[in-house]
Amino acid sequence: MSSPLLTGMVGSTRLGDALDVAVFFEKDTSTLSYVVYDSQSMDAVIVDPVLDYDPAGCVVAEKTVRLLCDFIQEKKLNLRMILETHAHADHLSAAQVLKRQFPAAMVTIGNRIREVQKLFSGIYGIESWFTADGHQFDRLVADGERFRVGAMEFQAMQTPGHTPACSTWVLNGCAAFTGDSMFIPDSGTGRCDFPGGSARDLYDSIAKKIYQLPDEMRLFVGHDYQPGGRPLRWETTVAEAKASNIQLKADTTREQYIEFRTARDKTLSAPRLLHPSVQVNINGGQIPPADEQGRCFFKMPLTFS
Ligand SMILES: [Fe+2]
């Protein structure tokens, strides 16, 4: 694995006989996105695509998602689904840009997104136009639900804690996309201090769900921050995580984890793109609606210390 300096495709790997995974990295938010495709049917699923946002100039840009679109077109893939692991708080989702170009693609997320929508529509005071019923997505998936896309069979494993609506998407019983529930072992686990987050829930999601998957299960993570400047990594296994995740190993107790996670989260500052990200991502990746003059705005709720 190399250490990329630029946003773009950083690797690829094969799952089973016919499935390929192309790995894309967005350097400003250290986000990993995946194109999973079946090289026989040419059906494809994209996990966690990124829409660029420059907070200084308030500029939305499609440079990163264009790389995904180009890949889909070059390989002549049929994009059937855009899978979100959760409503991200550190980058905007490019789901709707992809859907504009590939209208058959279903924007899919865990059905607990409604709870996150309810929570944040109150925080942003957007209840007049925003309905917290999940209709902004094409498909809401319940815990344990299975669905098929070409040769790919996914199973939803809801893994709340980082947010209430986090899902780990298990593919063909051999790989899982964890989003921010779990990272590469030297980076630990996702923070739990966003509204609705819970260290107790994340412990249970990891210890009682992810760590119950087969040891050889390949785990593809949502971010890699390259601690100590090490080369980029995007993949671990259940066995490696259980043995060496620096925050939650197989023998870590719930109390130990909650104590650690709560203390660590107090030291973290808010993500740079928090408010724009959440307002787009609870809305299925759509920018808040324009006013009668075509202007779009984000809201920034103030706190006073
Ligand atoms: Fe996240």
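Note that the structure is a prediction, hence the values are computed from the model and not measured. (Residues numbered from 1 in each chain as written. Predicted model: local features only at pLDDT ≥ 70, side-chain atom pairs only at ≥ 80, totals over all residues. Heavy atoms only, no water.)

A. Broad picture of the nonpolar core. By size, the foremost hydrophobic cluster in this structure holds 41 residues, and its most contacted members are Val35, Ile72, Leu79, Leu98 and Ile282. In terms of residue count, the dominant contributor to this core is helix α1 (residues 63-74) (5 residues). By size, the runner-up hydrophobic cluster in this structure holds 28 residues, among which are Val10, Val45, Phe147 and Phe220. (Core = buried A, V, L, I, M, F, W, Y, C linked by side-chain atoms within 4.5 Å. Buried < 20%, exposed > 50% of the residue type's maximum accessible area, 1.4 Å probe, protein only. Helix = DSSP H or I, 4+ residues; strand = E, 2+ residues; numbered from the N terminus.)

B. Main features of the coordination of the iron ion. Taken together, His86 (NE2), His162 (NE2) and Asp180 (OD) make up the protein donors of the iron ion, found 2.1 to 2.3 Å from the metal. When the donor residues of the iron ion are listed from N- to C-terminus, their spacing reads H-x75-H-x17-D. Of the two residues, His86 sits in the loop between β7 (78-83) and β8 (92-93) while His162 sits in the loop between β12 (152-158) and β13 (167-171), which places them 76 residues apart along the sequence. No difference in accessibility class separates His86 from His162, as the two residues are buried. (Donors = N, O, S within 2.8 Å, 3.2 Å for Na, K, Ca; no water.)

C. Structural detail: the sheet that holds strand β3 (residues 31-38). Pairing is mixed in the open sheet, where 7 strands are placed in the order β1-β2-β3-β4-β7-β9-β10. Looking along the sheet, the strands with just one partner apiece sit at the ends: β1 (8-15) and β10 (139-141). This sheet shows a mean twist of 25 degrees between the axes of neighbouring strands, independent of strand direction. Note: β1 against strand β2 (residues 19-26), 7 bridges, orientation antiparallel. The residue bridging Thr13 from the neighbouring strand is Val21, located in β2. Across the sheet, α1 lies against β1, β2, β3, β4 (43-47) and β7, angled at about 160 degrees from β2, the strand it touches most. (Pairing = 2+ DSSP bridges. Axes fitted to C-alpha atoms, helices over the stretch in contact; angles between N-to-C directions. Contact = heavy atoms within 4.5 Å.)

D. Up close: the pattern of salt bridges. Scanning the model with the defined rule gives 20 salt bridges in all. Linking Arg112 and Glu115 is a salt bridge whose minimum nitrogen-to-oxygen distance equals 2.8 Å. Residue classification places Arg112 among the partly exposed positions, given a relative accessible area of 25%. (Salt bridge = Lys/Arg side-chain N within 4 Å of Asp/Glu carboxyl O.)

E. Region of interest: the environment of Asp43. With respect to the helices and strands, the residue Asp43 is situated in strand β4. Owing to a relative accessible area of 8%, Asp43 belongs among the buried residues under this scheme. Here the alpha-carbon distance between Asp43 and Arg112, two residues 69 residues apart in the chain, equals 27 Å. Ignoring sequence-local partners within four residues, the contact set of Asp43 consists of Val36, Tyr37, Asp38, Asn78, Arg80, Val149, Gly150 and Met152. Within polar-contact distance, the side chain of Asp43 engages the side chain of Arg80 at 3.0 Å. (Polar contact = N/O pair within 3.5 Å; in protein donor to acceptor, adjacent residues only side chain to side chain.)

F. Structural detail: unusual backbone geometry. Even without a glycine there, the phi angle at Asp48 is positive, about 55 degrees. Secondary-structure assignment places Asp48 in the loop between β4 and β5 (50-54). Note on Asp48: relative accessible area 3%, which makes it buried. Positive phi values are uncommon outside glycine, yet Lys76 reaches one of about 55 degrees. Tracing the backbone through its elements, the reader meets Lys76 in the loop between α1 and β7. Judged by its relative accessible area of 65%, Lys76 falls in the exposed class.

G. Seen up close, the sheet that holds strand β11 (residues 146-149). Read across the open sheet, the 6 strands follow the order β11-β12-β13-β14-β15-β16; overall the sheet is mixed. Each edge of the open sheet carries a strand with a single partner, namely β11 and β16 (235-237). Looking at each pair of strands side by side, their axes are set apart by 30 degrees on average, direction ignored. As paired elements, β12 and β13 share 5 bridges and run antiparallel to each other. Its bridge partner lying in β13, Gln155 is registered against Val170.

H. Spatial organisation of helix α4 (residues 199-208). Among the 10 residues that make up α4, 7 are buried, leaving the element largely enclosed by the rest of the structure. When we look at burial in α4, the residues that qualify are Ala199, Leu202, Tyr203, Asp204, Ser205, Ile206 and Ala207. The elements touched by buried residues of α4 are β12 and α6 (254-266). Taking the backbone nitrogen of Arg200 as reference, a side-chain oxygen 3.4 Å away marks Ser198 as the first, capping residue of α4.

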